[in-house]
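# Report on the structure
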Amino acid sequence: MSVSVSRIVHASVLLDFGGARILTDPWLSERPFYYQGEQRSIATATDLPELAGVVISHAHYDHCDLDALRTYPDKNVPFAVVRGLAKNVRAAGFRNVTELDPWQSTHLGPVEVTATPAEHGVPEVTFVLRADGKTVFFGADTLRIDALDEIASRFGELDLALLPINGLRIRPAFNRQVVMDAAEAADLARVLRPRLAVPIHYSFTSGPIGSRLITKVATRDPEVFRDAARDIAPDTTVEILDPGITLAL
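Below, the structure is looked at part by part. What you are looking at is a predicted structure, and each value in this text was computed from that prediction instead of being measured.

## Side note on the packing of helix α4 (residues 182-192) against helix α6 (residues 222-232)
- Two elements in contact, α4 and α6, have axes whose closest approach is 8 Å; the angle formed by their N-to-C orientations is 40°. Taken as axis vectors, α4 and α6 run oblique relative to one another. Crossing angle aside, the handedness with which α4 passes α6 is right-handed. The segment α4 lies against α6, with Ala 182, Ala 183, Ala 185, Ala 186, Asp 187 and Arg 190 engaging Val 224, Phe 225, Ala 228, Ala 229 and Ile 232.
- Among the residues making up the contact of α4 with α6, the classes are represented as nine nonpolar, no polar and two charged.

## Brief notes about the pairing of strand β8 (residues 111-116)
- Within β8, five of the six residues are buried, which leaves the element mostly enclosed by the surrounding structure.
- Looking at chain direction, strand β7 (residues 105-108) and β8 are connected through four bridges and run antiparallel. Paired with Thr 106 across the two strands is Val 113, which belongs to β8.
- Linkage of β7 to β8, two consecutive antiparallel strands, is achieved through a turn of two residues, within which Gly 109 is found at a positive phi near 60°.
- Sheet analysis places β8 next to strand β9 (residues 126-131), joined by five bridges and oriented antiparallel. Within β9, the position partnered with Thr 116 by the bridge is Thr 126.

## What about the pattern of salt bridges?
- Applying the stated rule across the entire model yields 13 salt bridges.
- In this structure, Arg 83 engages Asp 101 in a salt bridge whose closest nitrogen and oxygen atoms are separated by 2.8 Å. Of this pair, Arg 83 sits in the loop between β5 (79-82) and α2 (86-91) while Asp 101 sits in the loop between β6 (97-100) and β7; the two residues are 18 residues apart in sequence, bridging distant segments of the chain.
- Looking at Arg 83, the relative accessible area reads 41%, which means it is partly exposed.
- Looking at Asp 101, the relative accessible area reads 29%, which means it is partly exposed.

## Points about the pairing of strand β4 (residues 53-56)
- Burial along β4 is two-sided: the residues Gly 53 and Val 55 and Val 54 and Ile 56 are all buried.
- Bridging between strand β3 (residues 20-24) and β4 involves three bridges; their strand directions are parallel. Paired with Thr 24 across the bridge in β4 is Val 55.
- As paired strands, β4 and β5 are joined by three bridges and run parallel to one another. Each bridged residue has a counterpart across the sheet, and for Val 55 the counterpart in β5 is Ala 80.

## Quick notes on the sheet that holds strand β2 (residues 12-17)
- Reading across the sheet, the seven strands line up as β6-β5-β4-β3-β2-β1-β17 and stay open at both edges, with mixed pairing between neighbours. Edge strands, defined here as strands with exactly one partner in the open sheet, are β6 and β17 (246-248). On average, each strand axis in the sheet is tilted by 20° relative to the strand beside it, whichever way the strands run.

## Quick look at α6
- Taken together, the buried positions of α6 are occupied by Pro 222, Phe 225, Ala 228 and Ala 229. Viewed end-on, α6 has its buried residues packed into an arc of 115°, placing them on one side of the element. Counted as exposed and oriented over 90 degrees from the buried face of α6: Arg 230 and Asp 231.
- Elements that come into contact with the buried residues of α6 comprise β11 (160-164), α4, β14 (196-200) and β16 (237-238).
- At the N-terminal end of α6, a side-chain oxygen is found 2.9 Å from the backbone nitrogen of Glu 223, two or three residues along, and the residue is Asp 221.

## Side note on α4
- Those residues of α4 that fall on the buried side of the exposure criterion are Ala 182, Ala 185, Ala 186, Leu 188, Ala 189, Val 191 and Leu 192.
- Contact partners of the buried residues in α4: β10 (134-138), α3 (150-155), β11 and α6.
- The N-cap residue of α4 is Asp 181: its side-chain oxygen and the backbone nitrogen of Ala 183 are 3.2 Å apart.
- Note on α4: the residue one or two positions beyond its end, Arg 193, has a positive phi of about 55°.

Thresholds applied
- Residues numbered from 1 in each chain as written.
- Predicted model: local features only at pLDDT ≥ 70, side-chain atom pairs only at ≥ 80, totals over all residues.
- Heavy atoms only, no water.
- Axes fitted to C-alpha atoms, helices over the stretch in contact; angles between N-to-C directions.
- Helix = DSSP H or I, 4+ residues; strand = E, 2+ residues; numbered from the N terminus.
- Parallel < 35°, antiparallel > 145°, perpendicular 65-115°, else oblique.
- Left-handed = near helix turned anticlockwise from the far one by under 90°.
- Contact = heavy atoms within 4.5 Å.
- Nonpolar A, V, L, I, M, F, W, Y, C, P; charged D, E, K, R; others polar.
- Buried < 20%, exposed > 50% of the residue type's maximum accessible area, 1.4 Å probe, protein only.
- Pairing = 2+ DSSP bridges.
- Salt bridge = Lys/Arg side-chain N within 4 Å of Asp/Glu carboxyl O.
- Arc of directions from axis to C-beta.
- Polar contact = N/O pair within 3.5 Å; in protein donor to acceptor, adjacent residues only side chain to side chain.

Structure below.
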């Protein structure tokens, strides 16, 4: 089976398992204080290819843009989502939704999807996706937590890890960190030992006002992750993907 990955924007990615395409954390629009910071590769949901399924880690708008996704024509496309989100997905017109807690699994077409731990201040999961011997970890925008280390013992060798890196902090919450930073993502790569790692979740900006009053990021430069991984996880190859560029695993 040929497997490839293509970033759309932010943490929204298309994973193609031999023609079975899985969309992660869709974000296909912008609004005040939520700017993608890069040109997304797919303009609207009607431009998406035929999907075998959608995974959504949590309910934040920049990971769960259901208003924009409403125009996707196949309302029977299966979803795997964090527990508690199914009602929102169904309200957007999609009928086939499975909620998962960490370590629970389902199938989206031929792809086995297992929810894995996360921490972000709201209910969230990450995901491991497997098909025909290929294994991908999708890190959404979790913090670096010890519970993620168990992925290595449960799933063995990973072909790809998609890792958030911007170290987002919330200024009104006393600069509370809610997303792992580049060094923490490199440390997770050290533990998980993926063959390839692709950084995600780094170009986002809340604009000139929002960046002064609402959010603070450690980095918007994916090269910071590459440099950290070179030192901390030298067995993992880091590939930086601009939106729309496809990487074959």
